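# Overview (structure and organization)
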There are 2 protein chains.
Amino acid sequence: MKIIVEGLDIKDAIATVGRIATTRNVNPILEGIKLTAKDGVLTLSATDLEIYVQKKIRADVKQEGEIIVPGRLFSDYLRKLDASQVSIASDGESVVITHGDNVCKFQCLPVEEFPDIIQLDAKPHFSIKSEDFRDLIAKTTICASTDDSRPVLRGVLCEIAKDTLTAVALDGFRLARIEKTISSHLGETKVIIPARSLDEVKKLCGEENGEVNIIIQNKFFQVNVAGTTFASRLIEGEFINYRQIIPSSFVSDVVVERSAFENAVERAGLLVRSDKVNLVTLKIADKFVTVTSNNEIGKINERVPSNLSGKDLSISFNAKYLFDALRNIQAGFIKLSLTGDHSPAIITSAKDGDFLFLILPVRMS
Amino acid sequence: MKIIVEGLDIKDAIATVGRIATTRNVNPILEGIKLTAKDGVLTLSATDLEIYVQKKIRADVKQEGEIIVPGRLFSDYLRKLDASQVSIASDGESVVITHGDNVCKFQCLPVEEFPDIIQLDAKPHFSIKSEDFRDLIAKTTICASTDDSRPVLRGVLCEIAKDTLTAVALDGFRLARIEKTISSHLGETKVIIPARSLDEVKKLCGEENGEVNIIIQNKFFQVNVAGTTFASRLIEGEFINYRQIIPSSFVSDVVVERSAFENAVERAGLLVRSDKVNLVTLKIADKFVTVTSNNEIGKINERVPSNLSGKDLSISFNAKYLFDALRNIQAGFIKLSLTGDHSPAIITSAKDGDFLFLILPVRMS
């Protein structure tokens, strides 16, 4: 293999591909980046066997070929270059990177051990506005579980029905649901996408506008963004029947200013952040929601003006879950809908909104 | 005690004082911040028994008194406030912080267990421009040892003679020396100031211009910056006789562009960063300095244009030490002065400069 590439192109490519390759892995071949030079194009690929990422850049291909380079070293070295043109040449055993008068040579990894990169060539199953997709990811992945004991909870359920994508994540303590309009789809379906893969897709989308086309095929999903093909294994299994968890009738609705409430919860949470449960209690009454926390160190009492319809009540939450929900909402005012002192609470925008957070209260002994 | 203070004033004060108090400490009283209210002033104090810091802010003192509050909780709580006025009241047992409709109460720590805060009232021993002092600290503290086995090496030697402050730090592998003009002094002296204390003083100085007045008295040094009194214990003992370490005649002088050389050393260092010694070799010849590294993974070869007077030679260094020196120099071109393949090298500005870095080579087996 022998190619010449633009310094900026290859730096941009490793910024995307390198993140997947350089994850510390039990299998050293997965720390490699595959370089494939053919037909005026250099393709960089990496995988951790859950995520498969591939990016193509223009290259002056003097000699075709494919090699596996050590991912972290290759990425870090190229990131530090200020050269406009970089030459990459390899006999398969080692790779030589030349820029100006400088030469860097390292051992390649065995190309035959590198796994095949998944790449779906089906028609997109649906399309969604890039900003809607980012918003959907930000609101759901925070509620996905990080615990491996129930693999489906590490994912986000994506349900397509009519012209709507409904995304749901839950971890046994809280749930997020968000609905977005999609512009075309090939039929109703349900898939569970790993939360981690969605967080990577969000980084890939950056601040771009436009549409994201999503392919779903053979236990994989794939998006193509800015010259990058990003595929991820889907999580197999049956998701929790979340509909039966979300209550539909409430004893009290209370409207509060979001940022004032978020700050009050954050401050009250400070006192109990080292406690086993970060317990804060909300006393909901006509003109104020009072957020309190207390332990042997002290007591915090924060009042936020509110507007109640329904009965007064008192309910306790893990401050972290409440804070996570509040800081991921863009609305000026939120509505907290309550079903009782010891039963789930729902947070939505006070105006119409496309999302819903559900939080289970902590039962006080 | 009962006082009312401005939100911005107290936030600013805890940003300075809180950093010393919230250091995790074996003695819980040292995690406290002392509040003293008297004569229209609130004084906040903290210490870790090496550094003593004290800041005064205006306060509406309704009732005088002094209390110890838990440092981290107090700091974090106040940092999150957006109130313009904060009331702080205490009966000595607990402290109550009120802002708007909100109340926070926590247990105080026992005031009698809090150590006396060192505060020197002597005349300043010398004065130095704030920007010179920051530059001196930045260049020397990186070379101080972090190892406790020789306490003097954890400090920076500050020697005052004539109108010059000479600061020196060394850790057995490298040495930094910098000289700054001082504007007045009470006599020649030598003290060893802990590098950590100097780094804290540098943060305190921020971007301010003007003069810093330094008091030296009874095994302590003290600066007063922006309403803050900062005292630190000096390190006792005899510093290494550094003068005999610094060579004065050289076999070769080579001049290179600093940033190109820094980048070359950084890139060559990447390959060997996980090795036991981060070894890079410089081949010094007429038109180029060649920076190389190599191990079983690969080989990096970087060429930097140079201007040599003297003989060609080859010398190896720990890449980290070389990089640390180069990135702390503001000069466009640096001069590397060499005494041989296996003896100390000196880095200075190619033009006149007030600093010198010395690095010991690594002997190749």
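Residues numbered from 1 in each chain as written. Chains lettered and ligands numbered in written order. Predicted model: local features only at pLDDT ≥ 70, side-chain atom pairs only at ≥ 80, totals over all residues. Heavy atoms only, no water.

## Description of the sheet that holds strand S6 (residues 65–70) of chain A
All names here are of chain A. One open sheet holds the 9 strands; their spatial order is S6-S2-S3-S4-S18-S17-S16-S10-S14, and the pairing between them is antiparallel. Among the strands making up the open sheet, the edge pair consists of S6 and strand S14 (184–185). Pairing analysis gives 5 bridges linking strand S4 (residues 51–58) to strand S18 (residues 228–233), with the strands arranged antiparallel. Following the sheet pairing, Gln54 is matched in S18 by Thr229. (Pairing = 2+ DSSP bridges. Helix = DSSP H or I, 4+ residues; strand = E, 2+ residues; numbered from the N terminus.)

## What to know about the interface of chain A and chain B
Counting residues at the interface gives 30 residues for chain A and 30 residues for chain B. Both faces considered, chain A and chain B share a buried interface measuring about 2,700 Å² in area, 49% of it formed by carbon and sulfur atoms. One can count 7 salt bridges joining chain A with chain B. In this structure, A:Lys80 and B:Glu266 form a salt bridge, with 2.9 Å as the shortest nitrogen-oxygen distance. One can count 20 residue pairs in polar contact (both at pLDDT 80 or more) joining chain A with chain B. When strand S22 (residues 298–310) of chain A meets strand S9 (residues 102–107) of chain B, the two strands line up antiparallel, connected through 4 bridges. (Contact = heavy atoms within 4.5 Å. Buried area = accessible area lost by both parts, 1.4 Å probe. Salt bridge = Lys/Arg side-chain N within 4 Å of Asp/Glu carboxyl O. Polar contact = N/O pair within 3.5 Å; in protein donor to acceptor, adjacent residues only side chain to side chain.)

## Observations regarding the pairing of strand S19 (residues 252–257) of chain B
Residue and element names in this part refer to chain B. Here S19 shows a clear split, with Ser252, Val254 and Val256 buried on one side and none of Asp253, Val255 and Glu257 buried on the other. Looking at chain direction, S19 and strand S22 (residues 298–310) are connected through 5 bridges and run antiparallel. Counted as the bridge partner of Ser252 is Gly310 from S22. Across 6 bridges, S19 lies against strand S24 (residues 333–338) in antiparallel orientation. By the bridge assignment, Ser252 is partnered in S24 with Leu338. (Buried < 20%, exposed > 50% of the residue type's maximum accessible area, 1.4 Å probe, protein only.)

## Side note on the relation of the copies chain A and chain B
The transform that puts chain A on chain B rotates by 180 degrees and translates by 0.0 Å along the axis, for an RMSD of 0.0 Å. In the structure described here, the two chain copies are related by an operation that fits a two-fold rotation axis. Taking the C-alpha atom as reference, chain A places A:Arg24 closest to the rotation axis, 15 Å from it. (Least-squares fit on C-alpha atoms with pLDDT ≥ 70 in both.)

## Digging into the packing of aromatic side chains
Counted according to the given criterion, the structure contains 6 aromatic pairs over all chains. An angle of 70 degrees between the planes, with centres 5.9 Å apart, marks the rings of B:Tyr52 and B:Phe220 as edge-to-face. Remark: B:Phe220 occurs in strand S17 (residues 220–225) and B:Tyr52 occurs in strand S4 (residues 51–58); sequence separation between them is 168 residues. One exposure class covers both B:Tyr52 and B:Phe220, and it is buried. The ring of A:Phe288 carries the charged tip of A:Arg303 above its face, separated from the ring centre by 3.9 Å. Across the ring face of B:Phe355, the terminal group of B:Lys139 is positioned such that the distance to the ring centre comes to 5.2 Å. (Phe/Tyr/Trp six-rings, centres within 6.5 Å; stacked < 30°, edge-to-face > 60°. Lys NZ or Arg CZ within 6 Å of the ring centre and 35° of its normal.)

## Re the packing of helix H1 (residues 7–21) of chain A against helix H2 (residues 71–79) of chain A
All names here are of chain A. Where H1 meets H2, the axes come as close as 9 Å, and the angle between the chain directions of the two elements is 145 degrees. Considering how the two elements wind past one another, H1 and H2 form a crossing that is left-handed. Along the contact surface, H1 presents Ile10, Lys11, Ile14 and Gly18, while H2 presents Phe74, Ser75, Leu78 and Arg79. Broken down by class, the residue content of the contact of H1 with H2 amounts to 4 nonpolar, 2 polar and 2 charged. (Axes fitted to C-alpha atoms, helices over the stretch in contact; angles between N-to-C directions. Left-handed = near helix turned anticlockwise from the far one by under 90°. Nonpolar A, V, L, I, M, F, W, Y, C, P; charged D, E, K, R; others polar.)

## Quick word on the sheet that holds strand S18 (residues 228–233) of chain B
All names here are of chain B. Here 9 strands make up an open sheet; going across it, the order is S6-S2-S3-S4-S18-S17-S16-S10-S14 and the pairing antiparallel. Of all the strands in the sheet, the pair left with one neighbour each is strand S6 (65–70) and strand S14 (184–185). Pairing geometry for S17 and S18, over 6 bridges, is antiparallel. Pairing of Gln222 across the sheet is with Ala231, part of S18. Its contacts with the sheet place helix H1 (residues 7–21) against strand S2 (32–38), strand S3 (41–47), S4 and S18, and it is angled at close to 170 degrees to S4. Helix H2 (residues 71–79) rests against S2, S3 and S6 of the sheet, and its axis sits at about 90 degrees to S6.

## Focus: the environment of B:Ala260
Residues and elements named next belong to chain B. You can see Ala260 is positioned in helix H5 (residues 258–271). Looking at Ala260, the relative accessible area reads 27%, which means it is partly exposed. Taking the C-alpha atoms as reference points, Ala260 and Val96, separated by 164 residues in sequence, lie 58 Å from one another.

## Quick notes on helix H6 (residues 319–327) of chain A
Residue and element names in this part refer to chain A. Most of H6 sits out of view: 7 of its 9 residues are buried. Within H6 the residues assigned to the buried category are Ala319, Tyr321, Leu322, Phe323, Asp324, Ala325 and Leu326. Where H6 begins, the side chain of Asn318 points an oxygen toward the backbone nitrogen of Lys320, at a separation of 2.9 Å.

## Some details on the confidence of the model for chain A
Residues and elements named next belong to chain A. In this model, chain A carries an average pLDDT of 94, and 99% of its residues clear a pLDDT of 70 or more. When pLDDT is averaged over each element of chain A, strand S5 (residues 60–63) comes out on top at 98 and S14 at the bottom at 79. In the predicted assembly, ipTM is 0.85 and pTM is 0.90. (pLDDT = per-residue confidence, 0-100.)

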